[in-house]
Amino acid sequence: MSTSGPKSKGQTARLTAIRKSTAPYLPPPLLRFLHVTDTYFHLNHASFTNDHCYDEPSMAILSALFLAYIVCRSIQGMWASTTKRSTAHLSGEEEDTVLG
């Protein structure tokens, strides 16, 4: 059930471009880990890899994790900006607004 349409070729090219552009900045053990991960998925999970991860399963997984991290941090930022705490008690002055 592999798809070989233009979408899969574009997705593969995008993931390959990401891998090639980030490779100079990654340490060799991590690059070996990515290669082993790709090989493992291609050998043992070929149907899943062909349908969902295309030719770069490790980059697809890392991209999904990075996107999840960005979404989580964005939600935390929005949550923190909407739940501002009062800092009136930090001024050292006792006012009626602080005491109730």
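Structural data are supplied above this passage.
In this report, we go over the structure that sits alongside the text. Source: prediction; values computed, not measured. (Residues numbered from 1 in each chain as written. Predicted model: local features only at pLDDT ≥ 70, side-chain atom pairs only at ≥ 80, totals over all residues. Heavy atoms only, no water.)

Observations concerning the overall build of the protein chain
No. 1: Looking only at helices and strands, the protein chain has five helices and zero strands in total.
No. 2: Each helix (α) and strand (β) of the protein chain, taken in turn from the N terminus, gives the series α-α-α-α-α.
No. 3: Residue burial in the protein chain is summarised as follows: out of 100 residues, 16% are buried.
No. 4: For the protein chain, restricting intrachain contacts to residue pairs at least 6 apart in sequence, the fraction spanning at least 24 positions comes to 55%.
No. 5: For the protein chain, the computed accessible surface area is about 8,100 Å², with 64% contributed by carbon and sulfur atoms. (Helix = DSSP H or I, 4+ residues; strand = E, 2+ residues; numbered from the N terminus. Buried < 20%, exposed > 50% of the residue type's maximum accessible area, 1.4 Å probe, protein only. Contact = heavy atoms within 4.5 Å. Areas by Shrake-Rupley, 256 points an atom, 1.4 Å probe, with all protein chains shown as cover.)

Regarding the environment of Arg-14
No. 1: For Arg-14, the position within the fold is in helix H1 (residues 6-22).
No. 2: A relative accessible area of 52% means that Arg-14 is categorised as exposed.
No. 3: C-alpha of Arg-14 to C-alpha of Met-59: the two residues are 45 residues apart in sequence and 9.8 Å apart in space.

Points about a nonpolar patch on the surface
No. 1: Together, Leu-67, Val-71, Ile-75 and Met-78 line one region of the surface with nonpolar side chains, adding up to about 400 Å² of accessible area.
No. 2: Of note, Met-78 is situated in helix H4 (residues 57-82).
No. 3: A residue is classified by how much of its surface remains accessible, and Met-78, at 51% relative accessible area, is exposed. (Patch = residues over 30% accessible without salt bridge, like charges linked within 9 Å, V, L, I, M, F, W, Y side chains within 5 Å. Salt bridge = Lys/Arg side-chain N within 4 Å of Asp/Glu carboxyl O.)

Some points on the pattern of salt bridges
No. 1: Throughout the structure, instances matching the rule amount to one salt bridge.
No. 2: The partner of Arg-19 in a salt bridge is Glu-56, and the shortest N-O contact between them spans 3.1 Å. Taken together, the residues span a long stretch of sequence, with Arg-19 in helix H1 and Glu-56 in the loop between helix H3 (46-53) and H4 at a distance of 37 residues.

Focus: H4
No. 1: The end-to-end C-alpha distance of H4 is 38 Å, a good match for the 38 Å that 26 residues give at a rise of 1.5 Å each.
No. 2: Buried within H4 are the following residues: Pro-57, Ser-58, Met-59 and Ala-60. (Expected span 1.5 Å × (residues − 1).)

Side note on the packing of helix H2 (residues 28-44) against H4
No. 1: Running from amino to carboxyl end, H2 crosses H4 at an angle of 110°, the nearest separation of the two axes being 7 Å. It follows from the interaxial angle that H2 and H4 lie roughly perpendicular. Packed against H2, whose contacting residues are Leu-34, Thr-37, Asp-38, Phe-41 and His-42, the element H4 presents Pro-57, Ser-58, Met-59, Ile-61 and Leu-62 at the interface.
No. 2: Tallied by class, the residues present in the contact of H2 with H4 amount to six nonpolar, three polar and one charged. (Axes fitted to C-alpha atoms, helices over the stretch in contact; angles between N-to-C directions. Parallel < 35°, antiparallel > 145°, perpendicular 65-115°, else oblique. Nonpolar A, V, L, I, M, F, W, Y, C, P; charged D, E, K, R; others polar.)

Some words on H2
No. 1: A rise of 1.5 Å per residue sets the reference length of H2, with its 17 residues, at 24 Å; its end C-alpha atoms lie 24 Å apart and thus fit the reference within 8%.
No. 2: Of the residues making up H2, those classed as buried are Leu-34, Thr-37, Asp-38 and Phe-41. Looking down the long axis of H2, one finds its buried residues gathered within 95° of arc, a one-sided arrangement. Set apart from the buried face of H2 by more than 90 degrees, the exposed residues are Pro-28, Pro-29, Arg-32, His-35, Val-36 and Leu-43. (Arc of directions from axis to C-beta.)

Any functional reading would require information that these geometric values do not contain.
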